[in-house]
Each structure stands twice: as C-alpha cells, then as structure tokens.
Amino acid sequence: MQFKKSILATALLSVLTLSGCNSGSSDTATSTTTINSDFPNVKMCLTSNPIACDNNGVMTNNDGIGQLVITAQDKNKTIIVETDGHTFSAPATSTFVTPITTLVVNAMKNNKNITVTDAKNTVKDNFSEFTNKYPNINIFGNPNKNPILEKIINALEETSVKYNSVDIADLVNKAMDVSDTSVPVIQEGGSTENIEQPQLSQDAKTIKPQVLKIEDKIQPIDLTTLFTLDGDSSVLTYHVKGMPQGLTNKGNTIEGAITQAGAFTIEVIANNNGALSEPATLTFEITPVVPNTAPTVIKAGQTELQNDTDSLKLTQGESIGDDVTYTISDLFNDIDGDQLTITPTFKSTKTNTSNGITVTQKGNQLILSGTPTNADEMTLTISANDGVNAQSAKAIITLKVTAVTPNAAPTLIKAGQTELQNDADSLQLTQGEPIGDVTYPVSSLFSDTDGDSLTITPTFKSTKTNTSNGITVTQQNSDLILSGTPINADEMTLTISANDGINAQSAEATITFNIAKGVKPEPLKPDAPYVITPESIKKDFIDGKKWYMTSYLVEESSKPIIAKIVDGSHINIKDPEFGGIYTFNVDKSNSINIPKENQTFNIFYSSSNIILASDPTVPTTDPLDIWLTHPINNQIAKGLQDEQFLNNTYYYLESYPDNINVQSITLTNENMSDSGEITLDYTTYNILEVNQKDGTILLESKQDTERDTINLNILFTNQQTAQSIANKWRTLSLK
C-alpha cells in the first residue's frame, strides 16, 4: 500500500518539506526556511516549547506555502505543525515533519538531557528490524520511499496523542509481516494488530463523473458498493470528505441536489476497525442554471411603430375603419425563445377609457378600429410576457385624436346676391305680360367651406298676398328659371335657401322684384269635369279597343293589366292573378263601378288616350289609376324631332314622397336625344307617345327594380291643365 497524502488532513502534513537559502546538513540551522505543503491553511511555528506553539506561528497560504525564519541560534528549537486536531513536530534541523520525527521530539521531552542525535538513535533502536532490512532508507526522511515505512507512518499518524504508550518495536515488526491487503493498526494499550484493509470495488474504479445542473438531484450513490472486504463487510464504517452543500449521507447512501455550481470531489474512505482503505473519488460537475430572461422591447421596432403612428390623422367622430394595423413580430425579443403572450391596452391619458377605439389581435398584428369619441391623446401599451417571468416587456405607442372641425353651414356670397339683385332691378316685369324665361344662376351665390353638396330651395311669393302671382320658379341644374305671367302688380320676393344636409341653418339670398301695373289677365278656367254619358262611352270606350291599366304615384304594378271593353257594358280584365269578366257600369256621379270587386273609381280627367281615376273610399292612401290606350313599352313617338316639338315649353308633374310639383322643360336637341330620352332634373324619362291634339306627352321613368314599380309622368303644353291635375292628385293620393 502506498502512503496517500489525501487520506486525512494529518497525513498530508507528513510531506511538508523544509528548504533553506543555504542548505546544510540536518544538524545545521539555516538562516531562512520555507515550508512547502500541498495543502493550504496549515499552522506552523518555531518554538522553544516542544509541546505547543509559544507564538501565533504562520499559516500556509492557498498554495500551501508558508515561511518560518530559522537562524543558527534556533537549532535547539522545535518545529510544530498543527492541523485537523493533530500536532506533529520535528527538531528545527529536520528536513521533514512526520510522525517519526514527532517520536524524536517526544524522546527529547521525556529526557531533557539528551541531544537530537541521541533522540534519533533511541527511535532507530525501535526500527532495528526495518533498518536492518533497509539500511539505505532514512526513516527521518521522505516517507514515500518505502511501502512498509508508509504503513508504519499511517498507523502512527492516527495515534499521535498516544505515541508515548505505543510499542514502536511491535508496530515495526507487525508492519514487516503484513500482506498486501492488510495494514498494522495500533490497539488499545499500544500493541499492534494486522487488519484487512478494505479495497476499492470495480464500481469505485469505474464510476463516472455526474454532470448536472444546480438543484438537479444526483444519481444516489451506495457507499457499500464502493469497497470490498474478504471478511464481514458489515463492520465497515465510512468517512466522507468534501461533501458539497445540498448532499447528505443517509444510511450510507449519498443523495440530494447540489445547490452551487462548480466542480466537486468527494473522497470516501472505508474503515475496518482502524484499517483504512484508499479513498474512492466521486466527482460532480454542476453547471449553473441560466436564469430565464424576461422579454425585451426591440427599440427599432418601437420607433418604427411610433413613426407610423405620428403620421396618422385620427379625427374625433370619424371612423378609423380597420386600416390602422400594427405588426408586432419585430417588436419584442426573447433570448430564451419562449412563446410570448401579447396583451394590448389602449386608453386615453385623460379619461382612462378606450375613447371608442377597439384593439383586436390577429396573429402578429394588432388592428385598431372604431370611432374616436373625443379629441385626446391615447396610449397603446403592448405588453409581452414569456409565461415564466412576472416582468413583461412593454412598448408604449402614443397617438393623438384631433378635434373634429365643426361642419360649417353654407354662407351667402354677398357679391353674388348683389349681382342677382341688380339683374332683378333691371327687369321690366308688367302685369299680364308673359315674362318668358328669366334665368338666375345660383352656382356663385353660396359658399360652403366643407365642400358639402348644397340643396337649393327657391321660394317665390308676393309680399302682399303671399302667392306666386302666376309666376313659377323651376330649377334646372345650377339655374333657377322664372316663367309665367304676372297676375297682379305687386312686389315679389324670391328667397333662395341653401342647405348642406348637415346643419339646420341654411344660407338665404333674398331678391326682390317689382311688377309694374298693366292689364290683369283673364283667369284660366280649369278643365270641366269629365261627364260620363253613353255618348262619351261610345266615343272613348270603343268596342273591342284595348286599354291598359296601371296605378301611379304611391305604388305601381310592375306590369300593366290588360282590360278590354266588351258589349259596351262589360270589361274583360286579363291577368293571371285575378282574371275574369267584370260588369262595367257608368252612373251620373262620373264613376265607373265594378260590383264584383265592390270598387268604384272616380274619373277626374279623360282624353282620347288616357283616363285618370282613383278610389274615393281611401282618398289619402289609394294610388291613382291610369288607363292607357297603348302598352308601356318604351315606344319612341314618331316625328319627335320635328320642329313643332322643339323649343317649346312643356309642363310635367314630378312626384316625391310628400309633394307633387309642376315643373317645366323646354324640349331641345340637347335634352331630347335620338333615342327618345329626355333628361328632366336628375331622372331620365323615355318618351312613349305624343298626342298633339290635347298637348299631352306620356313619359315613363326607368323601372324601379327594388320596388318593382313603373312610375309615369305626363307632359302638358298647358300649365293650367298640369297644375289642375297636380292639385287633384295631391288631394287624392298623398298621405
């Protein structure tokens, strides 16, 4: 067995060496002695008291180096080394400090009159068996020179306090007799016994280092598997050295988790009644657990988002749609590669509310939508959490909602009003004289700073009678046209209102006209009521003639109903929904009665190709019925482009949900195309037929597919006739 420095701390001391600046014989003191040790923190001193240090001594440093100053006058002093509860000593002239040099000091303590040489000779006498066999080995020198010497020193170092009672000669003799697997062990009373030394098992020789992270549990190690013994192994005890923090030895099993990072070595020595094994070495490499790092904001990504936000123009009360999109894939970084949870928070810096804006997440995008309620500064806080750290990364984006500029009501352009008034002052309007067409452009009369489309409403009336005084105002594109014949000499006011559809307030221009006194025109007589008689039936309802019936204004039939007069007293109505023959009766009340349906239609206008009638039982809601002598098929009238129809003013009825107006149109080549279409205001009508005899032209608007209706308009050359029918329609049809 080789002597092992690492068996116990006391054994380490046996290899301390002394080297001087001027080395000499063992009996010669040196001026300065450096004590070298493989082990740190060993206390050494030079003392006159061979029992204990009489000063603080010195400690070896972390490299195991310490210095003692020894002069020539110190040759009779003693070197003492203290460690781990054991004290070893040697004369100051010694080269090594070992348990054998300690025997020399002990001999000098027992007999103060002997010299160092005499003490050494006394010790040599006890080693006679060894020195006779190994005459070239200095027992006071290096203990590693001979394995038997190592066994003797190993036995002595554990019993240093009992050196005076140990039978050294017996120890030496027993050490000379032991086998390779036994060692001498000093027994109680000082005698020596050879005891089997535990041997390292194959497991101990091949055990591999354990590489773990901090606080990872180690693979448990059963100490009983590390050693073998021919005898009863249950008597073995185990000494564990260098146990790192976190590990424990429970029932001869090392287990637990090391709590510090680094390389750790555990030495385990088995003890068989004082016979110590070589150490079994257990190594562990503990790597530090890298803390999971919280995500961080990528500053460049945040700056880019903020720059994009600064260019936004969010306005109070205006929907932002879903066009404000924030890409967040380049906004955060997580060095651990954790899946991040994104949480957006959007709020006003003033009211702490969302201010009408919603933030939704779609994949790697945040989308802002909604309508900002107030002008405000908003903060979008985008948080990213890795699910491990409590701390989240936060990117803060600020954006502003600007105050809405109130929509301004239209205003009057004074210069335009002045110009129109000057034009009105230059007119020479006279009672009873037709005024022709006086055009007033309104495009330069009003201004709207918001660029809203303006609705122009003209009102023309007498300042005395509050009537139109025979003058009609119609609007054509951007012009107002005055036409008609003044009935009375009067002062007239044309009030032109412009509204933008947003503000209740309208801009108004007021133009005054003076009607000079002239000859009052004869009042127009309204058309005489149409009286149905057998003669009129014979004249208008010719046997076998086809008529087409539809309704007008309120609701329309999508296809006309064909009605045929039969025998002068019956009407045959052909329609898939309610076809059949109905009795056709005419009475003096100017009505047509169909008894089967219990319906009566009042006739209030008739010509050779048109009859207008309504149901008097529901006069406020029932639509007007129109019976025509031709189908509604967009037929283009012949001779439409003849000069007799051009450059003439016609009057037509234009219906709205709550009003019926009489409008005028002059048929020209510009508004009457080759296809037979005439543009009236904002609606395109197709001319169907022209009846020049009574000045009536039937017009059809484009079919309303949503309501499944066809609206009809009728053009008259006589304004009074048109106005009369409009008045009747207004009474019969409107709610």
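Right, let's walk through the structure included here. (Residues numbered from 1 in each chain as written. Predicted model: local features only at pLDDT ≥ 70, side-chain atom pairs only at ≥ 80, totals over all residues. Heavy atoms only, no water.)

### Observations regarding the overall build of the protein chain
Right, so step 1: A tally of helices and strands in the protein chain yields 11 helices and 52 strands.
Right, so step 2: Expressed as a percentage of the 735 residues in the protein chain, the buried residues total 44%.
Right, so step 3: Pairs at least 24 residues apart make up 58% of the contacts formed inside the protein chain by residues separated by at least 6 positions. (Helix = DSSP H or I, 4+ residues; strand = E, 2+ residues; numbered from the N terminus. Buried < 20%, exposed > 50% of the residue type's maximum accessible area, 1.4 Å probe, protein only. Contact = heavy atoms within 4.5 Å.)

### Comments concerning the packing of aromatic side chains
Right, so step 1: For the coordinates displayed, the defined rule picks out four aromatic pairs.
Right, so step 2: The interplanar angle of 40° and the centroid separation of 4.8 Å between the aromatic rings of Phe 130 and Tyr 134 together place this pair among those described as tilted.
Right, so step 3: Given a relative accessible area of 0%, Phe 130 falls into the buried group.
Right, so step 4: Ring geometry for Phe 227 against Tyr 238: centres 6.0 Å apart, planes inclined by 35°, an arrangement best described as tilted. Here Tyr 238 lies in strand β14 (residues 237-241) and Phe 227 lies in strand β13 (residues 227-228), a separation of 11 residues in the sequence. Each member of the pair, Phe 227 as well as Tyr 238, carries the same accessibility label: buried.
Right, so step 5: Grouping aromatic residues by their ring pairs yields a cluster made of Tyr 440, Phe 460 and Phe 513.
Right, so step 6: Above the face of the Phe 140 ring, Lys 120 is positioned so that its terminal group lies 5.3 Å from the ring centre. (Phe/Tyr/Trp six-rings, centres within 6.5 Å; stacked < 30°, edge-to-face > 60°. Lys NZ or Arg CZ within 6 Å of the ring centre and 35° of its normal.)

### Notes on the pairing of strand β28 (residues 393-402)
Right, so step 1: Residues Ala 393, Ala 395, Ile 397, Leu 399 and Val 401 line the buried face of β28, whereas the alternating positions Lys 394, Ile 396, Thr 398, Lys 400 and Thr 402 sit on a face that is not buried.
Right, so step 2: Where strand β21 (residues 314-315) lies against β28, two bridges are found, and the strand directions are parallel. Among the inter-strand pairings, Thr 315 is bridged to a residue of β28, identified as Thr 402.
Right, so step 3: Looking at chain direction, strand β27 (residues 376-385) and β28 are connected through nine bridges and run antiparallel. Looking at β28, one finds that Ile 382 is bridged to Ala 395. (Pairing = 2+ DSSP bridges.)

### A few points about helix α8 (residues 299-310)
Right, so step 1: The end-to-end C-alpha separation of α8 is 16 Å, in line with the 16 Å expected for 12 residues at 1.5 Å each.
Right, so step 2: Listing the buried residues of α8 in full gives Gly 301, Gln 302, Leu 305, Gln 306 and Thr 309. Projected down its long axis, α8 shows its buried positions confined to an angular sector of 135°, all on one face. Opposite the packed face of α8, turned more than 90 degrees from it, sit the exposed residues Lys 299, Ala 300, Glu 304 and Asp 310.
Right, so step 3: Contacts made by the buried residues of α8 are with β20 (296-297), β22 (324-327) and β28. (Expected span 1.5 Å × (residues − 1). Arc of directions from axis to C-beta.)

### Side note on the pairing of strand β9 (residues 192-196)
On a regular strand, one side chain projects to one face of the sheet and the next to the other, so that they alternate.
Right, so step 1: The sheet contact formed by strand β8 (residues 182-186) and β9 spans five bridges and is antiparallel. Considered in β9, the bridge of Ser 182 is made with Glu 196.
Right, so step 2: Connecting β8 to the next strand, β9, in antiparallel fashion are five residues, including Gly 189 with a positive phi near 100°.

### Some details on the sheet that holds strand β35 (residues 479-484)
Right, so step 1: Taken in spatial order, the three strands make up an open sheet running β31-β35-β34, and their pairing is antiparallel. The outermost strands of the open sheet, each flanked by one partner alone, are β31 (438-441) and β34 (471-476). The mean inter-strand angle of the sheet, taken between neighbouring strand axes irrespective of direction, is 25°.
Right, so step 2: For β31 and β35, the ladder comprises four bridges, and the chain directions are antiparallel. Bridge pairing in β35 links Val 438 to Leu 482. (Axes fitted to C-alpha atoms, helices over the stretch in contact; angles between N-to-C directions.)

### Observations concerning the side chain of Thr 315
Right, so step 1: Examined against the element boundaries, Thr 315 turns out to sit in strand β21.
Right, so step 2: Since its relative accessible area comes to 14%, Thr 315 is described here as buried.
Right, so step 3: Setting aside residues up to four positions removed in sequence, Thr 315 forms contacts with Pro 372, Val 401, Thr 402, Ala 403 and Val 404.

### Thoughts on the packing of helix α5 (residues 147-157) against helix α6 (residues 168-177)
Right, so step 1: Taken N-terminus to C-terminus, the directions of α5 and α6 make an angle of 135°; their axes are 9 Å apart at the nearest point. Relative to α6, the element α5 is oriented oblique. Pair α5 / α6 crosses with right-handed handedness. Here α5 contributes Ile 148, Ile 152, Ala 155 and Leu 156 to the contact with α6, which in turn contributes Ile 168, Leu 171, Val 172, Ala 175 and Met 176.
Right, so step 2: By residue class, the composition of the contact of α5 with α6 is nine nonpolar, no polar and no charged. (Parallel < 35°, antiparallel > 145°, perpendicular 65-115°, else oblique. Left-handed = near helix turned anticlockwise from the far one by under 90°. Nonpolar A, V, L, I, M, F, W, Y, C, P; charged D, E, K, R; others polar.)

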